[in-house]
Structures are given as C-alpha cells and as structure tokens.
4 protein chains.
Amino acid sequence: MSGSVNKVILVGNLGRDPESRTFQTGGKMVTLSLATSERWKDRTSGEQRERTEWHRVVIMSEGLVTVAERYLRKGSKVYLEGQLRTRKWQDQAGQDCYATEVVLGGFNASLVLLDKAQGGPGRNDYSGYGDTPGAGGGGDAGSGPEAAADAGARDDLDDDVPF
Amino acid sequence: MSGSVNKVILVGNLGRDPESRTFQTGGKMVTLSLATSERWKDRTSGEQRERTEWHRVVIMSEGLVTVAERYLRKGSKVYLEGQLRTRKWQDQAGQDCYATEVVLGGFNASLVLLDKAQGGPGRNDYSGYGDTPGAGGGGDAGSGPEAAADAGARDDLDDDVPF
Amino acid sequence: MSGSVNKVILVGNLGRDPESRTFQTGGKMVTLSLATSERWKDRTSGEQRERTEWHRVVIMSEGLVTVAERYLRKGSKVYLEGQLRTRKWQDQAGQDCYATEVVLGGFNASLVLLDKAQGGPGRNDYSGYGDTPGAGGGGDAGSGPEAAADAGARDDLDDDVPF
Amino acid sequence: MSGSVNKVILVGNLGRDPESRTFQTGGKMVTLSLATSERWKDRTSGEQRERTEWHRVVIMSEGLVTVAERYLRKGSKVYLEGQLRTRKWQDQAGQDCYATEVVLGGFNASLVLLDKAQGGPGRNDYSGYGDTPGAGGGGDAGSGPEAAADAGARDDLDDDVPF
DNA sequence: TTTT
DNA sequence: TTTT
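In this text, all values refer to a predicted model and were calculated from it rather than measured experimentally.

Concerning the overall build of chain A
In step 1: When you go through chain A residue by residue, the secondary structure sums to two helices and seven strands.
In step 2: When the helices and strands of chain A are listed from N to C terminus, the series reads β-β-β-β-α-β-β-β-α.
In step 3: Expressed as a percentage of its 163 residues, the buried residues of chain A come to 62%.
In step 4: Put simply, 61% of the contacts in chain A that link residues at least 6 apart link residues at least 24 apart.
In step 5: For chain A, the accessible area works out to roughly 6200 Å², and carbon and sulfur atoms hold 43% of it.

Here it is, written out as structure tokens:
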C-alpha cells in the first residue's frame, strides 16, 4: 500500500539495563524494556488505579545503538519514536504466537534522553541524536542514525521472542 | 510512573470490515485489522522490496465506535491515534502468549477518515471525531469519545487473540 | 475539509514561569514560553552549532490549566501535545502580522511533567492529566481536560500577540 | 538544551500548487499552503461551526522536494511531519513581525500522499519517502531525505513571509 | 527567557 | 523490570 504511516511515540523508564547483541555480519542491536503507566480514578469505586505497560523496544540504527549503550541505564527516562513490528512464530505445540516490538531503525527513529544528569559524559550532546539537524541552518544529514542490521542476521533472533 | 506517554499513530487501510462486539454491560467495542506498508530498495540487490504490517486495533470510545461502525469498510483508509496495550495469556501447552493491540479509548484517541467519498453521509462531518473541538472558538468537549467498555467484559474476548 | 489532523508534540523547558489570565466569563488560560533546541555539526566548518526555538503555548483546557499553574515553573521540562493556531492582526502601520501558537484545548491535548522531583505534592499524580485514563480497565473519561475559554473572551487578548 | 523534541504532524489539503525556489547555491526548497480544519457544535447556540487553519510548510529535504514537485497539486491530501520554526523580521514601521513555518528538513521529516490516484506515476511508490526504509529487513538509509538549503540563501526569502 |  |  502506498501512503501509510506506522509510528509509535513513547516516554517512559527503562526497567533494566539495555541489552546488546552483535550479528555475525557485524551489525548490532540493542533491546530495551520500557515502562509506561497511567493512572485514573475508577468511575465506580472512586479509588486510584494504575496500569503499567511494558514495551519491548528494538534499536537497529547504528547511531541510536551507540547512544543507547553509552547513556541508557535501568531507570533512565527516555522519549523515543519508532515503528510497530509484529513477528510471528510457532511454539512447541505448533501454535501461532506473536510478539510486537517498537523498532527504531532507519528514518524517523528518535531517542531522546530526559534525565537531568546521567553522571556520564560532561554534557549529553548526544541526546536527540535522531531528531536533530534540521535543514534550516546549514543542516547536515550525514551523521545521523542509519539502518544497521540486515535481514538475514535479524532472523536468527526469532527464538528469543517472548520478552 | 508519572510522566509517561504511550502513543501510536497509524495511517493505513482496513483489511476487512470492522467487527463489533457488545458487552454484557451494554458497552461496545469494534476491532479493525489495519495494514501499513513500506517500500525500500534493497541495499545489496537493489531490488524493490515491500513489507506489510498488520495491526490489530481495538476501539472502545463510544463516539469512535459509532464512527467506525458507520463509515469504515474493508479498504477504507484511516488516520488513527491510540495506545499500545499488550495482553498475555496461556496457550493450551501452558506457554505464555502475548498480543499487542492499538487501543482507542479515553482521551487522546482519534479516528480520521481519509477516503475521498464514502458514499455515506452527505458530508463526512464525523471524521476527526476525536481530534476536533479545540478550545479556540467556543469549543465543546462534551460530545467526544469516552471510555466505554469495562475490564471484566473485556476478558472473555481473550480467546480470539491471534488476529 | 473533512479528514484533517493538526498536531504538535514538544518536549522542552520553560523559559519563565507560566502566566495566567482570567476571562470576564470566568474561564482561565495559561501561556508558556517553551524552548526546544537542536545541535548539529556544521557540514563545512565541522563546528558544533545550536539553534533554540521558542514556542508560545496557550493552555485552555480547564484540567491542564490547573496542572500548569500548580506544577510548572521556569526551567520545568515538559512533554506537551496541542494544535497549531495562527492569529492575524494589523499593526499600527496597518500591516498584517501573524502569530502562531500551540494551543492545548479540547481533546487530544496533553501535558506531561518530566522533571524528577517537583518539590510540590507528595506524588505527582497529576502529570499526564491529558493522556491518561484509557478504556482498557474501567477507565473514566469524566474528569479529563475540557475546553474552557470561549471565543469572545479570547479576542480581547489579541493585543498581546508578539511574544 | 539537550533532550528536546519539536514535531508537527499535519493531515490536510493543499490550497494551491507547490511553489519551488532555487538557491544560488544550487539547493531547492518548496513551500506548501496546507489547510486543516475542524468542526464542532457550538456549546450555546448548538449550531455547527468550522474553523480552517492554514499552515505554511517549507520543504528543504532533497528527497521530499522531489516528491512534492512531482506529485503534489492544489487539492492534494497529504500527511506530513516536520518541525516548527519561527522567523522574526522588522516591518517597514520597524515593528517586530513573526512567521511560523512547518519545516521538513533533515531527519524525521515525512511526506505521505493520501490521494487515491494522482494520475501521475503508475503507482505512487514515492509516497512515504521520509517514513520508509526501516532497519527490519535490509533497510537502506542512503537514499533518504537530506538537508539541502543553507542558511544564507534562506534569508533572502524573508520578504515573502506573510503567507 | 530555558536547558546542557 | 521502571517510575511516583
């Protein structure tokens, strides 16, 4: 289909440190476990309720992989933008199973750190890596996030699906 | 967690007619099967490739349920905005399975029809139902989308998960 | 036109404290001055460059007005979602002038505080006010953000346009 | 500031054909005049009201410039994603004037055609140019949108601001 | 005018 | 598993 958009925007905290994997082809990917939550007052009981959602995030862009490895930690708060992707596989009983991930790869992927002070680098001029240059002032599209992993390599990760 | 955002924006076409279900409690929900796709040139082979992603969309907001039932059909193109929600259940083999849906319910859900002429109403002044009023000119927040279904009712739908 | 979307998403810091105004009709609005900035390496010179953008944000939703007054201060970091609106007026020389604002009013407006500790309330269960309930668990759409100000009242603010 | 996001998402129709300009430096930019509108029922009078908003859109990305020139026409419906940028200048009376544009340049800019049949190319495999590859299947970031124009060149366009 |  |  032409003319489609597939976009996810999340702001939340990491439930654990990022996990890196290297492909045989040299590429790298990082997975995050990101929590978002919402609160509301129950309509009938009037009590506070809360629901936490856990998102599996897969970072494929070379630039964003670097940012994630360097600056993200368990507890980090981030803004991110990616795409939905659902993978399907058969469990031992031959049943179809599905896992949906938020993939940051290629264009229109962003990762912005929202923590005050990460204790890491002097200044975190890395953040917003995927959302930066802009053409309005001599921008430079050359150093941004790039699709890194390739399809063949990706496939052999199918078995670690249930996050 | 305070301070989180969970947002999905999709533009795509319906793979089949919307499906409605009524809860014992009187509420209603509609599910959509929405396709988005992307094309790119393969880096190595140079050939055109295409990948289609299917999204399970669940509409809970009363207003948006009405819009969906009335104006959406197989093939309709829509813009929609909702939240990610993953449900977990056990298959017969006792394995954990997951299904992620895009839920349109409560605030910040939108459904905007993008087809030229739906053949339905004289003018499609329904579209953008969830994205409209605005306060900038005597807006009216009273007739908008509202959370409809309740959790217990939702549970008995678990068996139709693999979309 | 049917079928349109007008959405702005910003993450940035307040340049000064929020400013409140009360309408004769009793409604209230709050304006924010929000900075976003981006950095990039100049393509030719190779030097770091930075560009800061200032956004005039107008909050009309009753609920979000309350949140802004209570918890936002100069320096606060926020995620917000609103709509673009351009107002036009004549300056003394009879020239057309324009001012574009990001308006948070009606549906699909959000304000999420991103600061670690605001020093205010025990817990900041206010944040995400406009992005919360969700229908997936007995949600309640009744207490959310609502369009507050009315058009007539708004008009007499036209003179403070150049922000 | 690190950690900021400046994003605009619009779906609307072009009020006139795209306008192209070439810089002395060889770069190109295209401007669009895009309408979004919303309808609501007036709270007091109960009558239908409508408000149309016109957005000035500036496309700087090389790839998106090409797409815009080739496939967009007056009346075209598009989804686009860009950034807010406000420019300031003095009118003849020495008054400060401002113009805010939605800029599509650099990363995270998208332009997706939503018309059924543009009468142009066999299939519109151009659309979604800025939102496509994705790393999940042998993606290719090399042919995407790039920042094109430079700042000096941009400046001599200041006089056509009031759109 | 913010932030790093 | 995060966060408040």
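A closer look at the pattern of salt bridges
Residues and elements named next belong to chain B.
In step 1: Counted under the stated rule, the structure contains 41 salt bridges over all chains.
In step 2: Glutamate 50 is the salt-bridge partner of arginine 39, the closest N and O atoms lying 3.3 Å from each other. With arginine 39 in strand E3 (residues 28-41) and glutamate 50 in strand E4 (residues 48-59), the pair connects residues that are eleven residues apart, well separated along the chain.
In step 3: Overall, the relative accessible area of 40% leaves glutamate 50 in the partly exposed class.

Looking at the side chain of Glu81(C)
In step 1: By the secondary structure assignment, Glu81(C) is in strand E5 (residues 77-90).
In step 2: A relative accessible area of 0% means that Glu81(C) is categorised as buried.
In step 3: A polar contact is formed between the side chain of Glu81(C) and the side chain of Lys7(B), at a distance of 2.9 Å.
In step 4: Residue contacts for Glu81(C): discarding those within four places in its chain leaves Lys7(B), Glu81(B), Asn108(B), Lys7(C), Val8(C), Ile9(C), Leu104(C), Asn108(C), Ala109(C) and Ser110(C).

A short note on the pairing of E4(B)
All names here are of chain B.
In step 1: The sheet contact formed by E3 and E4 spans twelve bridges and is antiparallel. Paired with alanine 35 across the strands is tryptophan 54, a residue of E4.
In step 2: Joining the antiparallel neighbours E3 and E4 is a turn of six residues, in which glycine 46 adopts a positive phi near 80°.
In step 3: Bridge count between E4 and strand E6 (residues 96-104): three bridges; the pairing is parallel.

Overview of the pairing of strand E7 (residues 110-113) of chain B
Remark: a regular strand shows side chains that alternate across the two faces of the sheet.
Residues and elements named next belong to chain B.
In step 1: Of the two faces of E7, the one lined by Ser110 and Val112 and the one lined by Leu111 and Leu113 are each fully buried.
In step 2: Taken together, the four bridges between strand E5 (residues 77-90) and E7 define a ladder with antiparallel strand orientation. For valine 78, the partnering residue across the bridge sits in E7 and is leucine 113.

Regarding the state of the cysteines
In step 1: Under the counting rule described, the total for this entry stands at two disulfides over all chains.
In step 2: A sulfur-sulfur separation of 2.4 Å characterises the disulfide bridge that pairs Cys97(A) with Cys97(B). You can see Cys97(A) sitting in strand E6 (residues 96-104) and its partner Cys97(B) sitting in strand E6, one on each of two chains. Cys97(B) carries the same exposure label as Cys97(A), and that label is buried.

Here we look at the environment of Gln90(B)
Residue and element names in this part refer to chain B.
In step 1: One can find glutamine 90 in strand E5.
In step 2: When the C-alpha atoms of glutamine 90 and tyrosine 79 are compared, they prove to be 33 Å apart, with eleven residues separating the residues in sequence.
In step 3: Once residues within four sequence positions are removed from consideration, glutamine 90 is found in contact with Gln95 and Asp96.

What about helix H1 (residues 62-71) of chain C?
In step 1: Every buried residue of H1(C) is accounted for by Gly63(C), Leu64(C), Val65(C), Val67(C), Ala68(C) and Tyr71(C).
In step 2: On its buried face, H1(C) is in contact with strand E3 (28-41), strand E4 (48-59), strand E6 (96-104) and strand E7 (110-113) of chain C.

Thoughts on the environment of Asp42(C)
In step 1: On the secondary structure map, Asp42(C) appears in the loop between E3 and E4.
In step 2: It is 37 Å that separates the C-alpha atoms of Asp42(C) and Gln95(C), two residues lying 53 residues apart in sequence.

Here's the deal with the environment of Glu62(C)
In step 1: Counting through the fold element by element, Glu62(C) comes out in helix H1.
In step 2: The spacing of Glu62(C) and Gly106(C) is 44 residues in sequence and 9.2 Å in space, taken between C-alpha atoms.

Some details on the confidence of the model for chain A
Residues and elements named next belong to chain A.
In step 1: The pLDDT averaged across chain A works out to 75; a share of 70% of its residues lies at or above 70.
In step 2: Within chain A, helix H2 (residues 151-155) has the poorest average pLDDT of any element, 30, and strand E1 (residues 5-14) the best, 97.
In step 3: Taken together, the stretch residues 118-163 has pLDDT below 50 and engages in 142 contacts with residues farther than four places along the chain or on a different chain.

Conventions we followed
Residues numbered from 1 in each chain as written. Chains lettered and ligands numbered in written order. Predicted model: local features only at pLDDT ≥ 70, side-chain atom pairs only at ≥ 80, totals over all residues. Heavy atoms only, no water. Helix = DSSP H or I, 4+ residues; strand = E, 2+ residues; numbered from the N terminus. Buried < 20%, exposed > 50% of the residue type's maximum accessible area, 1.4 Å probe, protein only. Contact = heavy atoms within 4.5 Å. Areas by Shrake-Rupley, 256 points an atom, 1.4 Å probe, with all protein chains shown as cover. Salt bridge = Lys/Arg side-chain N within 4 Å of Asp/Glu carboxyl O. Polar contact = N/O pair within 3.5 Å; in protein donor to acceptor, adjacent residues only side chain to side chain. Pairing = 2+ DSSP bridges. Disulfide = S-S within 2.5 Å. pLDDT = per-residue confidence, 0-100.

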